[in-house]
Amino acid sequence: MRRPEPGRPWRIAFVGQEHYFGVCSPRKPSRAIDPAFVDHRGGADAELMLARVRAYRPHVVIVFRPEIVPPGLFAGLDALTLGWNTEPLPRAGLPSHRDLDWRLTELLETDPFNFDRLISFEPVSAPSAEPRLRFWRSLPLPVADEVYAPLRPMGRPPRVAFVGYSTAHRERWLIEVKHRFDVLHLVHGVTGDRLLDVFRRIDVAINLHVHEYPQFENRVALHLAAGHLLLSEPLSPLHGLEPDVDFIEVRGPKQLEWTVEGLMLRPLANRHAVRVRGRRKAEQFRASRVYPRLVADLAADVATFGSPRR
Amino acid sequence: MRVCFVRTDPAPVELAGALEAAGDVEVVVAERPPEGRFDVAIACDWRACGVVFDVDAARRAALVVTLEHRALDPARPERLPALLALDLPLDFLVTSAWVERALADARPGARAWRVALGRPAPAGPPAPSEDGGPLRVAGAAPDVLAAMEEPAEDVPLPGDGASPAPHVVVALPGAADPFARPVSALAPVLAGFAAGATAVAARLEGRDEVVAPDENGLLVEPDDAPGTARTLDRLARDRALLARLREGAARSAEAWPTWEAAGRELVGVLERVLAAEPPSGAPPEVLMRHALAEAAKLAAYESARADTLLARSQALDERETALEARERALEAHPAARAVVVAQRRWRHPALRPLRAVVGRLRGRS
């Protein structure tokens, strides 16, 4: 295992679709880590990706969606490799959904011998990929430091937004609230700096699951970090967040409508505390804090238990 | 000084014992309002916060070791009174920076006084790290222990007569019992440190005020049982790491005040409470806002439960309708009915030997 020289940062190459995962990785170097992002998607030129990774001479390679790496590609790569499952999977004891089944099928394409360790963004569904894939730990996707913003005074009326593509489930929740109030719905294509621009202009964010099945979306951490008051469907797992303490939990479309109505019509003092706590709790997702700890743990764990990599 | 602790759970109140040991203080611990005049009456949990106003006392306070309404399951109705208890005109004795901040969030302007939890006395000598035996783990949920690959032994938490002492204490958040005495999130960690154990803890509810990662313990994600198990596996495998963390934990325990020191500190705090103006309660509009918000949450949970029941009853209705339709179809076709009746009779328990014979004959063919 190649480690950085004493006092030098870990060089980390992040691999994945930058479009989606750029906000999950740090952009600037720090005393602990020196990051670089290699944009790559499944089916693209993997040799080119590998050449870019090698050129960076990383100590650690972190791949968002490990299934995008062809089998055996990382053999001989002189770096620790970590695959991060970012997609929800079927859960034991709950009815599955064809979307979840499809995601599991995709994930199972992962070559487990490409990676020293695999981690999942949540622990509840990770066992569905076993025994082919074994997850070392579960960790929500971090949030790039650039997303973090100080709390701004809330607009009157507050500006409300939902970021995410349309599904029947989401539209069922949003239809009334969009008819009655000025709710911005960003369906597609707003990422990177443009997304941060939008984040600076909104006060209240809505989080809805893609379909009926529960999960913990990365969007949750992004909105809290940006200082938004978050209204969300029940989350599972909670990753340490507390409903109605760090975010407002809404349990149905009508409750969402009433909550937005309340925010539009009444003073906001009672919601300000939730916003403050959510922003404070979001510090646990900060990329510049999460990655140094994660990489140190990874190195220690591989040193202790070895690696399945070939 | 005369101080009364009012509790609704008969479990011992360590701070009361510490206060008594500090001297010059008469301490009464009671489940009901005691007779006589007291300088300070202290409620030990949210249910005692109302009772404390029946005590004849110059000042009234609440000992807050955790935010009880937040520790309860969101669907529990007890969350409402547990939250409203924080709106009462009480001085709040808080036991960690996290509790102090959480109280300020729940009720801005509430008067809080920091008091220390004492360091528990070790029950026995610490277990050696390099004894080659299984890792002795206290406080881990069964799913965490089941997910471990290295040998491990489940032992009681220190202070509960634990013998032998654990190597490591696991401190993760869990749903609280609304009728039990509230317990500080720091208590199991401190007890572990005092008994010579390290800790594997979630970075929640102030545990990271005590657990310094890689110095005296390790921090894990709160919902990640497999990850916690793997962290314990690492401690089981890497005994040098375990020994180093336990040494760090022992140093942290040494730096923590003893119960005697905590008692003396509490005397000082109570003297300042007595010297200060009586505390005020939350303004009526705040109290009503809290009540309405909690009631709305309960209503949302209740309506979700009602929706689930309704969906189940609709499914049962549909099943019954389908069965009735089947019955009618059978009545309309006597031949089909005869087949169904024959099948039922064939399944009669008295015909089991015959079915076995037929089964064997079919197997041969």
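Residues numbered from 1 in each chain as written. Chains lettered and ligands numbered in written order. Predicted model: local features only at pLDDT ≥ 70, side-chain atom pairs only at ≥ 80, totals over all residues.

J.: Please clarify how the overall build of chain A should be interpreted in this entry.
T.: Check the secondary structure of chain A and you find nine helices and eleven strands. Computed over its C-alpha atoms, the radius of gyration of chain A comes to 20 Å, within 12% of the 19 Å expected for a compact globule of 310 residues. Projected onto its principal axes, the C-alpha coordinates of chain A cover approximately 60 × 45 × 35 Å. Of all 310 residues assigned to chain A, the portion counted as buried reaches 46%. The contacts of chain A with a sequence gap of at least 6 include a subset with a gap of at least 24, amounting to 65%. (Helix = DSSP H or I, 4+ residues; strand = E, 2+ residues; numbered from the N terminus. Rg over C-alpha atoms; globule rule 2.2 N^0.38 Å. Buried ≥ 20, exposed ≤ 12 C-beta atoms within 10 Å, placed from the backbone. Contact = placed C-beta atoms within 7 Å.)

J.: So what exactly am I meant to see when it comes to the interface of chain A and chain B here?
T.: Interface extent is often summarised as the accessible area lost during association of the parts. If you look at the interface, chain A gives 23 residues, while chain B gives 21 residues. Among the elements of the structure, β6 (137–138), α8 (269–281) and α9 (287–305) of chain A are those that each provide at least two residues to the side of chain A that touches chain B. Residue composition of the side of chain A that touches chain B, by class: ten nonpolar, seven polar and six charged. (Nonpolar A, V, L, I, M, F, W, Y, C, P; charged D, E, K, R; others polar.)

J.: Is there a simple way to think about the domain arrangement of chain B in this case?
T.: Along its sequence, chain B is organised into domain 1 (2–118 + 262–282), domain 2 (135–256) and domain 3 (333–365). Its C-alpha centre places domain 1 of chain B at a distance of 72 Å from the equivalent point of domain 3 of chain B. (Domains from an automatic or database assignment.)

J.: Is there a simple way to think about the nonpolar core in this case?
T.: Burial of nonpolar side chains together is a common tendency in soluble globular proteins. In this structure, Val6(B), Ile42(B), Ala62(B), Val168(B), Val189(B), Ala199(B) and Leu232(B) are the most contacted members of the largest nonpolar core, which totals 94 residues. In this structure, this core is formed jointly by two domains, domain 1 (2–118 + 262–282) and domain 2 (135–256) of chain B, each of which donates at least three residues. In contact with Ala62(B), not counting residues within four places along its chain, are Ile42(B), Ala43(B), Cys49(B), Ala85(B), Leu90(B), Phe92(B) and Leu93(B). Of all hydrophobic cores here, the second largest spans 82 residues; its members include Trp84(A), Leu224(A), Phe247(A) and Leu263(A). (Core = buried A, V, L, I, M, F, W, Y, C linked by C-beta atoms within 7 Å.)

J.: Before we go on, may I ask you to explain the sheet that holds strand β7 (residues 135–138) of chain B in this structure?
T.: All names here are of chain B. Strand order in the open sheet made by the five strands is β8-β7-β9-β10-β11, with parallel pairing throughout. Where the open sheet ends on each side, the last strands, each with one partner, are β8 (152–155) and β11 (217–220). For this sheet the average axis-to-axis angle between neighbouring strands, irrespective of direction, equals 25 degrees. As paired elements, strand β9 (residues 168–171) and strand β10 (residues 198–202) share four bridges and run parallel to each other. In the strand pairing of β10, Val169 is matched with Ala199. Its contacts with the sheet place helix α7 (residues 187–194) against β7, β9 and β10, and it is angled at close to 175 degrees to β9. Of the strands in this sheet, β10 and β11 are in contact with helix α9 (residues 239–255), which crosses β10 at around 85 degrees. (Pairing = 2+ DSSP bridges. Axes fitted to C-alpha atoms, helices over the stretch in contact; angles between N-to-C directions.)

J.: Quick question: what am I supposed to make of the domain arrangement of chain A here?
T.: Residues and elements named next belong to chain A. Once the domains are mapped, chain A shows domain 1 (10–142 + 286–305) and domain 2 (145–284). In this assembly, 18 residues from domain 1 lie in contact with 18 residues from domain 2. Residues belonging to the side of domain 1 that touches domain 2 are distributed by class as follows: ten nonpolar, four polar and four charged.

J.: What exactly am I supposed to notice about the sheet that holds strand β9 (residues 204–207) of chain A here?
T.: Two orientations exist for strands paired in a sheet by backbone hydrogen bonds: parallel and antiparallel. All names here are of chain A. Spatial ordering of the open sheet is given by β8-β7-β9-β10-β11, a layout of five strands whose pairing is parallel. For this open sheet the edge positions go to β8 (183–186) and β11 (248–249), each flanked by a neighbour on one side alone. Pairing between strand β7 (residues 160–163) and β8: four bridges, direction parallel. In the sheet register, Phe162 faces β8, and the bridge partner there is His185.

J.: In this structure, what is going on with the pairing of strand β4 (residues 80–85) of chain A? I would like to understand it.
T.: Residues in a regular strand point their side chains to alternate faces of the sheet. Residue and element names in this part refer to chain A. Along β4, six of the six residues are buried, which leaves the element largely enclosed by surrounding structure. Because side chains alternate across β4, one face comprises the buried residues Leu80, Leu82 and Trp84, and the other comprises Thr81, Gly83 and Asn85, equally buried. Direction of pairing for strand β3 (residues 60–64) relative to β4: parallel, over a ladder of five bridges. Bridge pairing in β4 places Val63 opposite Gly83. Two elements, β4 and strand β5 (residues 117–120), share four bridges in a ladder whose sense is parallel. For Trp84, the partnering residue across the bridge sits in β5 and is Ile119. Regarding the hand of the β-α-β motif, the stretch spanning β4, helix α3 (residues 98–107) and β5 is right-handed. (Right-handed = clockwise from strand over helix to strand, strands pointing away.)

J.: Looking at this structure, how should I read helix α2 (residues 46–56) of chain A?
T.: Each α-helix winds once per 3.6 residues, and so residues spaced three or four apart point in a common direction. Residue and element names in this part refer to chain A. Residues Met49, Leu50 and Val53 constitute the buried set of α2. Projected down its long axis, α2 shows its buried positions confined to an angular sector of 95 degrees, all on one face. Facing away from the buried surface of α2 by more than 90 degrees, the exposed residues are Glu47, Leu48, Ala51 and Ala55. Where α2 is buried, its residues contact β1 (10–16), β2 (33–39) and β3. After α2 finishes, the residue Arg57 shows a positive phi value of roughly 50 degrees. (Arc of directions from axis to C-beta.)

J.: For this particular structure, what's the right way to read unusual backbone geometry?
T.: It is generally the case that most residues other than glycine have a negative phi and that most peptide bonds are trans. Residues and elements named next belong to chain A. In this chain, Glu130 is followed by Pro131 through a cis amide linkage whose omega measures 5 degrees. For Pro131, the position within the fold is in the loop between β5 and β6. Following Arg156, the chain continues to Pro157 via a peptide bond in cis, the omega torsion being 0 degrees. On the secondary structure map, Pro157 appears in the loop between β6 and β7. The phi dihedral of Arg57 falls on the positive side, at around 50 degrees, and the residue is not glycine. Among the secondary structure elements, Arg57 is positioned in the loop between α2 and β3.

J.: Mind showing me how you'd approach the environment of Met1(A) here?
T.: As for its placement among the helices and strands, Met1(A) is situated in the segment before β1. Once you skip the residues sitting within four places of it in the chain, Met1(A) turns out to touch Leu80(A), Ala299(A), Val302(A) and Ala303(A).

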